[in-house]
Amino acid sequence: MIRVLIVEDDPMVAELNRRYLEQIDGFVLIAMARTVDEALGLLEKHDIDLVLLDIFIPGTNGLELLTQIREKGKDTDVIVVSAACDMHTIKKALRNGAVDYLIKPFEFERLNTALSDYRNQAVFMRNRDVMNQAELDRRILGREQQGQTELNKGLCRNTLNAVWENIRTAKGQSFTTEEMANSVGISRVSMRKYLDFLKQIDILSMEVVYGTVGRPVYRYRCINPESNIIKRYL
């Protein structure tokens, strides 16, 4: 689980962010802070992987917390969640290592995308000692390779489009191969090829669910609904 600290002086906004966080798999809220000093104390006390940081907080500007995290050499990432939209502030946050920047007010889907992308990168890097340029470009730097729009052998663009539309209709709910095959109207064997392809390009995640009897069930979930990668294949 990715351990999170929310730094936000407005109790209502902090509570909203907490509720948003609870809806996204892979994250656990460790604490909430209203000031930079309080946040620094919590960072010393707890192992925090990610800070959701507001900038306009009482006393010291939130960017100071980001600066101190870097100066102390802490292995903690920061996503800025702030109403500050001037280029000076945005540049300073990014130059000091903020991994993402959300401008208030924002939709839940934007936060979902930010946290899902962060989680996917964290899991990917945790399981790699080295990586090649293609992996670095696609998985970490977010650069898509050009010209690679051919589908895997045996896949049809029209069917992929139908699968994708049904996945979007699911709105983040998990599903099995059989459930999606019934929705689209193709065989489970064919559907498995499409789901494997979407998992390969980081659109879907898969988990194995073990019941009390019988074979394990493979459930899929869309983790990148806003990704532009899928558009190159439709």
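Everything discussed here concerns the structure shown above.
For clarity, every value in this text was computed on a predicted model and none was experimentally measured. (Residues numbered from 1 in each chain as written. Predicted model: local features only at pLDDT ≥ 70, side-chain atom pairs only at ≥ 80, totals over all residues. Heavy atoms only, no water.)

### Points about the overall build of the protein chain
Under the convention used in this document: A run of H or I in DSSP counts as a helix once it spans at least four residues, and a run of E counts as a strand once it spans at least two, with each numbered from the N terminus. The classification of residues rests on relative accessible area computed with a 1.4 Å probe and restricted to protein chains. Under 20% of the type maximum is buried, over 50% is exposed, and intermediate values are partly exposed. Residue contacts are defined here by distance: any two heavy atoms, one from each residue, within 4.5 Å place the two residues in contact. Residue burial considers only the protein chains on display, and all accessible areas are found by Shrake-Rupley using a 1.4 Å probe. Note on charges: Lys and Arg go in the positive column, Asp and Glu in the negative column, and His and the chain ends are not counted at all. Here the site of a charge means NZ on Lys, CZ on Arg, CG on Asp, or CD on Glu.
When its secondary structure is counted, the protein chain shows 9 helices and 8 strands. Dimensions along the principal axes, computed over C-alpha positions, put the protein chain at roughly 60 × 45 × 35 Å. By the burial criterion, 39% of the 234 residues in the protein chain qualify as buried. Relative to all contacts within the protein chain whose residues are 6 or more apart in sequence, the contacts with residues 24 or more apart total 61%. Total accessible area on the protein chain is roughly 13,500 Å²; 47% of this is exposed by carbon and sulfur atoms. Charge-centre separation for the protein chain: the mean point of 32 positive side chains lies 6 Å from the mean point of 33 negative side chains.

### Brief notes about the nonpolar core
Put simply, the rule reads: The criterion is simple. A nonpolar core is a set of buried Ala, Val, Leu, Ile, Met, Phe, Trp, Tyr and Cys residues joined through side-chain atoms within 4.5 Å.
Counting residues in each nonpolar core, the largest one holds 25 residues, and the members touching the most others are Leu5, Val7, Val51 and Leu65. If you list the elements that add at least two residues to this core, you get strand 1 (2–7), strand 2 (27–33), helix 2 (36–45), strand 3 (50–53), helix 3 (62–71), strand 4 (77–82) and helix 4 (87–95). At 5 residues, the largest contribution of residues to this core is made by helix 2. Contacts of leucine 5, omitting those with residues within four sequence positions, involve Ala31, Met32, Ala33, Ala39, Leu42, Leu43, Ile48, Leu50, Val51 and Leu52. By size, the runner-up hydrophobic cluster in this structure holds 22 residues, among which are Met180, Met191, Phe197 and Leu198.

### Points about a nonpolar patch on the surface
What counts is decided by this rule: Any residue with relative accessible area above 30% and no salt bridge may belong to a patch, with like charges joined within 9 Å and the nonpolar Val, Leu, Ile, Met, Phe, Trp and Tyr side chains within 5 Å. A pair is scored as a salt bridge if a Lys or Arg side-chain nitrogen falls within 4 Å of a carboxyl oxygen belonging to Asp or Glu.
Together, Met206, Val208, Tyr210 and Tyr218 make up a nonpolar patch on the protein surface, roughly 410 Å² of accessible area in all. The topology assignment puts methionine 206 in strand 7 (residues 204–209).

### Some details on the pattern of salt bridges
Tallied over the entire structure, the rule returns 11 salt bridges. A salt bridge links arginine 219 to glutamate 179; the nearest nitrogen and oxygen atoms lie 3.5 Å apart. Here the residue arginine 219 occupies a position in strand 8 (residues 217–222), and glutamate 179 occupies one in helix 8 (residues 177–184), the gap between them amounting to 40 residues. When its relative accessible area of 38% is taken as the criterion, glutamate 179 is described as partly exposed.

### Focus on the packing of aromatic side chains
Threshold: Only rings of Phe, Tyr and Trp enter the pairing, Trp through its six-membered ring, and a pair is recorded when the two centres are within 6.5 Å. The plane angle decides the type: under 30 degrees is stacked, over 60 is edge-to-face, the rest tilted.
Applying the stated criterion to the full structure yields 4 aromatic pairs. Both rings, one in tyrosine 20 and one in phenylalanine 108, keep their centres 5.0 Å apart while their planes meet at 45°; by these two values the pair is tilted. With a gap of 88 residues between them, tyrosine 20 in helix 1 (residues 11–22) and phenylalanine 108 in helix 5 (residues 108–126) connect regions that are remote in the sequence. Like phenylalanine 108, tyrosine 20 is buried. Between phenylalanine 175 and tyrosine 220 the ring centres are 6.2 Å apart and the planes differ by 20°, which places this aromatic pair in the stacked class. Of this pair, phenylalanine 175 sits in strand 6 (residues 175–176) while tyrosine 220 sits in strand 8, and the two are 45 residues apart along the sequence. The same class applies to phenylalanine 175 and to tyrosine 220, which are both buried. One aromatic cluster is present, built from ring pairs that chain together Tyr20, Phe106 and Phe108.

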